[in-house]
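Coordinate inspection notes
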Amino acid sequence: MNFDDIKIGDEITEGKHPVGKYQPHYYAGASLDFNPIHIDPDFGKMVGLGGNILHGLCTLAFAAKTCVDYAGGDPASLKRLKARFSKPVKPLETVIVSGKVVAKDGDTASIEFGAATNKGENQVLTNGIAEFRKI
Amino acid sequence: MAVDKKFIGKQYAPFVYEVGREKIKEFAKAIGETNPLYLDEEAAKKGPHGDIVAPPTFASLYAGGPVGEMLYDKELALNLMMLVHGEQDFEFFEVARAGDTMTTNCVISDISEKSGKSFVTAETMTTNQNGRPVVKARWTFVIRG
């Protein structure tokens, strides 16, 4: 996809990101965020989260991948990335990122995106915005 | 327990981080990336940047460094057991390349209460070794009551 081919109203290609049992551990190692809510199911239960939960920034990384892939694959084109972490993502769920081009002018295109999991209708990312610059 | 608003404006020491080539690949793999611009030097050489670059949210490492310091700040004394990430906003100016040295400044920009929850927001600004802006970010955390 070239910048010029991005059109207002276009749906982006849906991104499916399966979250393996140990995904929070992989992300903890890569990001150095070892908060026990992410890596210790017992601790997660104790603090009322029902188990360990994936890092919000990992879910956001999945959304970034989906949006950047749609917009041509060069991360240098990503100008802004924003979202609210509405509900936690748990291991063994699949994060599904979807979105739509809502605005475009000569050098910027804006995508509104959200993410849900396959378990129920949990919206895990809301108010998502990814803005791209023409490069 | 409410977080004291007197900490709004508190700054943390500039955080310096050198972007490592293998760390970029490690991070990219951990988030399930397959984009050769992050992972494959040979392919990246022919691409727009001449070498591998970091995925956008790699900023969690270099820009998130001082945010981690804030979360564990004894004076602020956040209840980490009840803390979750609420919102994130990144504004990107330039890609991060292997060997770049990033310097990030961090300030607590807001502390508020709503429906029995506390909200703490940090703002970070990262520049590279050339003094050019790389990422500006807002990090909002929620402490569940």
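Since the structure is predicted, the reported quantities are computational estimates derived from the model, not experimental observations. (Residues numbered from 1 in each chain as written. Chains lettered and ligands numbered in written order. Predicted model: local features only at pLDDT ≥ 70, side-chain atom pairs only at ≥ 80, totals over all residues. Heavy atoms only, no water.)

Moving on, we get to the overall build of chain A. For chain A, the helix and strand inventory stands at 4 helices and 5 strands. Reading chain A from its N terminus to its C terminus gives the helix and strand order β-α-α-α-α-β-β-β-β. Since a compact globule built from 135 residues should have a radius of gyration of about 14 Å, the 16 Å found for chain A is in line with a globular shape. Overall, chain A is about 50 × 30 × 20 Å in size when its C-alpha atoms are taken along their principal axes. Residue burial in chain A is summarised as follows: out of 135 residues, 54% are buried. Pairs at least 24 residues apart make up 67% of the contacts formed inside chain A by residues separated by at least 6 positions. The average position of the 16 basic charges and that of the 16 acidic charges among the side chains of chain A differ by 3 Å. (Helix = DSSP H or I, 4+ residues; strand = E, 2+ residues; numbered from the N terminus. Rg over C-alpha atoms; globule rule 2.2 N^0.38 Å. Buried < 20%, exposed > 50% of the residue type's maximum accessible area, 1.4 Å probe, protein only. Contact = heavy atoms within 4.5 Å. Lys, Arg positive; Asp, Glu negative; His and termini not counted. Charge placed at Lys NZ, Arg CZ, Asp CG, Glu CD.)

In spatial order, the strands read 1(A)-3(A)-4(A)-5(A)-2(A)-2(B)-5(B)-4(B)-3(B)-1(B); together these 10 strands make up an open sheet with antiparallel pairing. Two strands close off the open sheet at either side, each with one partner strand: strand 1 (15-18) of chain A together with strand 1 (11-18) of chain B. Neighbouring strand axes in the sheet, compared pairwise and without regard to direction, differ in orientation by 20° on average. Note that strand 4 (residues 117-127) of chain B and strand 5 (residues 133-143) of chain B share 10 bridges and pair antiparallel. Looking at the pairing, Ser118(B) lines up with Ile143(B) of strand 5 of chain B. (Pairing = 2+ DSSP bridges. Axes fitted to C-alpha atoms, helices over the stretch in contact; angles between N-to-C directions.)

Looking now at the nonpolar core. Phe113(A), Tyr62(B), Met70(B) and Phe90(B) are the most contacted members of the largest nonpolar core, which totals 85 residues. Counting residues per element, this core draws most heavily on helix 4 (residues 56-70) of chain A, which supplies 10 residues. Apart from the residues lying within four places of it in its own chain, the contact partners of Met70(B) are Tyr12(B), Leu76(B), Leu78(B), Ile108(B), Val120(B), Ala122(B) and Phe141(B). (Core = buried A, V, L, I, M, F, W, Y, C linked by side-chain atoms within 4.5 Å.)

Within the secondary structure layout, His38(A) lies in helix 2 (residues 36-39). With near-sequence residues (within four places) excluded, His38(A) lies in contact with Pro24(A), Asp33(A), Asn52(A), Ile53(A), Leu54(A) and His55(A).

Taken N-terminus to C-terminus, the directions of helix 1 (residues 23-31) of chain A and helix 1 (residues 21-30) of chain B make an angle of 160°; their axes are 9 Å apart at the nearest point. Between helix 1 of chain A and helix 1 of chain B, the interaxial angle falls into the category roughly antiparallel. By crossing handedness, the relation of helix 1 of chain A to helix 1 of chain B is classed as left-handed. Of helix 1 of chain B, the residues touching helix 1 of chain A (which contributes Gln23(A), Tyr26(A), Tyr27(A), Gly29(A), Ala30(A) and Ser31(A)) are Lys23(B), Glu26(B), Phe27(B) and Ala30(B). For the contact of helix 1 of chain A with helix 1 of chain B, the residue count by class is 5 nonpolar, 3 polar and 2 charged. (Parallel < 35°, antiparallel > 145°, perpendicular 65-115°, else oblique. Left-handed = near helix turned anticlockwise from the far one by under 90°. Nonpolar A, V, L, I, M, F, W, Y, C, P; charged D, E, K, R; others polar.)

Our next topic: helix 1 of chain B. Taken together, the buried positions of helix 1 of chain B are Lys23(B), Ile24(B), Lys25(B), Phe27(B), Ala28(B) and Ala30(B). In the core, the buried residues of helix 1 of chain B are packed alongside helix 1 of chain A together with strand 1, helix 2 (36-39), helix 3 (41-45) and helix 4 (59-62) of chain B. At the exit of helix 1 of chain B stands Gly32(B), carrying a positive phi of roughly 75°.

The next subject is the pairing of strand 2 (residues 78-85) of chain A. By the bridge criterion, 6 bridges tie strand 2 of chain A to strand 5 (residues 123-133) of chain A in an arrangement that is antiparallel. In the strand pairing of strand 5 of chain A, Lys82(A) is matched with Ile129(A). Two strands pair when backbone bridges link them, and strand 2 of chain A and strand 2 (residues 83-92) of chain B are joined in this way by 5 bridges, in the antiparallel orientation. When the bridges of strand 2 of chain B are listed, Lys82(A) appears paired with Asp89(B).

Taken residue by residue, chain B gives an average pLDDT of 96. The fraction at 70 or more is 99%. Interface predicted TM-score (ipTM) for the complex: 0.96; the corresponding pTM is 0.97. (pLDDT = per-residue confidence, 0-100.)

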